[in-house]
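A structural walkthrough
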Amino acid sequence: ISQLLPVIVAALHTSRGIVAIEQPELHIHPAWQVVLGDLFLEQAKNKNVLYLLETHSEHLVLRIMRRMRETFTDTLPPGAPGATPEDVTLLYVEANDGRTLVRNMPLNEAGELVKAWPGGFFEERLSELF
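The sections below set out a description of the structure shown in this document. (Residues numbered from 1 in each chain as written. Predicted model: local features only at pLDDT ≥ 70, side-chain atom pairs only at ≥ 80, totals over all residues. Heavy atoms only, no water.)

With that out of the way, let us pick up the environment of Met65. Among the secondary structure elements, Met65 is positioned in helix α3 (residues 58–73). A relative accessible area of 11% places Met65 in the buried class. A C-alpha to C-alpha distance of 9.6 Å links Met65 and Gly37, two positions 28 residues apart in sequence. In this view, Met65 contacts Leu107, Ala110, Gly111, Glu112, Leu113 and Trp117; residues no more than four positions away in its chain are not counted. (Helix = DSSP H or I, 4+ residues; strand = E, 2+ residues; numbered from the N terminus. Buried < 20%, exposed > 50% of the residue type's maximum accessible area, 1.4 Å probe, protein only. Contact = heavy atoms within 4.5 Å.)

Following this line, the structure appears as structure tokens:
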């Protein structure tokens, strides 16, 4: 509760501007991490708020990608927030020889990455599956 409550309050009670949240998924079950993805999408659309989220959550990112795919294929569940490439910017930040590199990871209309994930991203999932 102590981790989730400030995130929800910030999302629901900010009416304009930028909301920056570091690891909103911290200590939250994956089933609720995807709900946060929907909450951020909905509030960004309805209240014109820009969310700057620093996350390590595959679940959060996959939910946003799913909503983009559902918007594109017109299969969005009733009441679910839609998303397009204009709504989402995915940036990958990494250390490289003492510098910080920021890579834009564009998503297409179907919520798919236009470029391959950088090395090390979601690799644990693949190694666990296979």
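Below, the discussion takes up the packing of helix α1 (residues 4–13) against helix α2 (residues 30–47). Two numbers describe how α1 lies on α2: the axes approach to 9 Å, and their chain directions differ by 25°. Relative to α2, the element α1 is oriented roughly parallel. On the side of α1, the interface is formed by Leu4, Val7, Ile8, Ala11, Leu12 and His13, while α2 contributes Leu36, Leu39, Phe40, Gln43 and Lys47. Its residues assigned to classes, the contact of α1 with α2 shows eight nonpolar, two polar and one charged. (Axes fitted to C-alpha atoms, helices over the stretch in contact; angles between N-to-C directions. Parallel < 35°, antiparallel > 145°, perpendicular 65-115°, else oblique. Nonpolar A, V, L, I, M, F, W, Y, C, P; charged D, E, K, R; others polar.)

A contiguous nonpolar surface patch, about 340 Å² in accessible area, is contributed by Ile1, Leu5 and Val9. Tracing the sequence through the fold places Val9 in helix α1. (Patch = residues over 30% accessible without salt bridge, like charges linked within 9 Å, V, L, I, M, F, W, Y side chains within 5 Å. Areas by Shrake-Rupley, 256 points an atom, 1.4 Å probe, with all protein chains shown as cover. Salt bridge = Lys/Arg side-chain N within 4 Å of Asp/Glu carboxyl O.)

Attention shifts here to the environment of Ile64. Inspection of the secondary structure puts Ile64 in helix α3. Along the chain, Ile64 and Gly79 lie 15 residues apart, while their C-alpha atoms are 15 Å from each other. Dropping the residues within four chain positions of it, Ile64 is found in contact with Gly37, Leu41 and Val88.

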